[in-house]
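Coordinates in review
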Amino acid sequence: MKALFTAQIVAEAAQRYSFKPNELRLLGNNQNYTFGNSNYIIRITHSSHRCRELIQGELEWIQYLADKNVPVSSPVKSVNGERIEMLDGFIVVAFDKALGSPWTDAITQNEEFEKLGSVIGRMHAVTKNYIPSSQEIERFTWDDNALLRDFMSNVPTSQELVITHFESLMQRVRKLPRECESFGLIHGDFCFGNYAVQPDGNITVFDFDECQYGWFMQDIAVNLFYGIAVPNPNEDVVSFARRYLTSFFEGYYKENRIDYKLLQDLPLFLDMRQVILYSALYRNGNLGSLDYWSQEFLKRARHNMENNLSMIEMDILNF
């Protein structure tokens, strides 16, 4: 993807949406290239990562959520009246820029957790009735996530215990029931950095590139995961998790109900996120140049997997 990506691609993509290339700022270049100006976000994805049909399915679902009053960053059309533009093997889409910033001091962290719960609860509630307009644009299921699918290719074969743990985890997750009240189309990457908070506390969700069919508990686990994967020295894991879940579900239950017994599966989905991030870091390479958090995560995650340790025990959490 990087070898094929050029400044000319950016200039042509910008022209398709009447953006000025010199006003675009690079925001990310992991699985796609994301640029932004003061009002819009433009995303350029190589077709080797996502095909046109999958992106069409993503945009249709985002628009469905917006029409159901879920606060999301909505897709916008190009000068040609299209939501998707094809460009030399790249697929270009654009979105309204979410108002706000990653955080605000106007509300407490617990209030933010509650608002996050309300947004995701609303998303889960309305997605139960969503039916794609065609089978061709259906999004993939959780186990077709590339970082799970390619885990054993990304991780060194010498890490035999890690691979054994991964295989066991996948078997356990596949046995979980898939009921409409707990399984459906989810964000898939609902974490800090993929939502914006306005000064009044209102939250807008964006970056639906990983939206997939999975368990609602996956979305609930992801943001919690990043709060406990490398513990904050100022708060132990149990205290943070209990505080997060208490506030989150205060908001979530205002919009959607989920069987309380499903919380027992939370450690399983935390474990799933652990292997996804572990796979991603090994896939990306350059492990020696990782920041402190990522290096610490790799060390902790490997220890957890080699010893079959959960990131958190529900009995200890007593939630």
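Preceding this section is the structure that the text describes.
Below is a short write-up of the structure.

Reading guide: rules and limits
- Residue positions are given per chain, counting from 1 as you read along its sequence in written order.
- The predicted origin of the model limits local features to residues at a pLDDT of at least 70 and limits the giving and counting of side-chain atom pairs to 80 or more, whereas totals for whole chains, interfaces and linings rest on all residues.
- Hydrogens and waters are ignored; side-chain quantities use all the structure's heavy atoms.
- Note on disulfides: each one is a pair of cysteine sulfur atoms within 2.5 Å.
- A 1.4 Å probe rolled over the protein chains alone gives each residue an accessible area, and that area as a share of the maximum for its type sets the label: buried under 20%, exposed over 50%, partly exposed in between.
- Aromatic rings from Phe, Tyr and Trp, with only the six-membered ring used for Trp, were paired whenever their centres fell within 6.5 Å, and each pair was classed as stacked if the ring planes differed by under 30 degrees, edge-to-face if by over 60, and tilted otherwise.
- Runs of H or I in DSSP of at least four residues are treated as helices and runs of E of at least two as strands, each being numbered from the N terminus.
- At least two DSSP bridges between two strands are required for those strands to pair.
- Any N or O atom pair separated by 3.5 Å or less is treated as a polar contact, with the protein-specific requirement of one donor-capable and one acceptor-capable atom, and with residues adjacent in sequence counted only for side-chain atom pairs.
- We call two residues in contact when some of their heavy atoms are within 4.5 Å.
- How far a helix is expected to stretch is found by multiplying one less than its residue total by 1.5 Å.

1. Quick notes on the state of the cysteines
Counted according to the given criterion, the structure contains 0 disulfides. As a non-bridged cysteine, C51 has C211 as the owner of its nearest cysteine sulfur, 12 Å distant. C51 sits in the partly exposed class, given a relative accessible area of 33%. Of all cysteine sulfurs in the structure, the one in C211 sits closest to C180, which takes part in no disulfide; the separation is 19 Å. C180 sits in the exposed class, given a relative accessible area of 54%.

2. Concerning the packing of aromatic side chains
Applying the stated criterion to the full structure yields 29 aromatic pairs. Measuring from centroid to centroid gives 6.4 Å for F5 and F35, while their planes differ by 20°, and the two rings are stacked. Residue F5 is found in the segment before α1 (7-16), and its partner F35 is found in strand β2 (residues 33-36); the two are separated by 30 residues along the sequence. Look at Y226 and W293: their rings are 6.1 Å apart centre to centre, the planes differ by 25°, and that puts the pair in the stacked class. Pair noted here: Y226 is in helix α7 (residues 216-228) and W293 is in helix α10 (residues 292-306), with a separation of 67 residues, a long-range link. Ring pairing ties together the aromatic residues F113, F240, Y244, F248, F249, Y252 and Y253, which thus form one cluster.

3. What about the pairing of strand β3 (residues 40-46)?
Burial within β3 is extensive, with 6 of its 7 residues counted as buried. In this antiparallel pair of consecutive strands, β2 and β3, the connection spans 3 residues. The pairing of β3 with strand β6 (residues 90-96) spans 7 bridges and is classified as antiparallel. Bridge pairing links I44 to V92 in β6.

4. What about unusual backbone geometry?
A positive phi angle, near 50°, is found at D88, a position not held by glycine. Mapped onto the elements of the fold, D88 is located in the loop between β5 (85-87) and β6. When its relative accessible area of 65% is taken as the criterion, D88 is described as exposed. Of note, N308 is a non-glycine position whose phi angle comes to about 50°, a positive value. Here N308 lies in the loop between α10 and α11 (314-317).

5. Points about the side chain of R16
By the secondary structure assignment, R16 is in helix α1. Given the relative accessible area of 18%, R16 is considered buried. Reaching out from R16, the side chain makes a polar contact with the side chain of E85 at a distance of 2.7 Å. Once you skip the residues sitting within four places of it in the chain, R16 turns out to touch S78, V79, N80, E85, M86 and L87.

6. A look at helix α9 (residues 266-284)
Taking 1.5 Å of rise per residue, 19 residues should cover 27 Å, and α9 covers 27 Å from first to last C-alpha, within 8% of that figure. Buried residues dominate α9, accounting for 17 of its 19 residues.

Distances and angles like these do not, on their own, reveal function.
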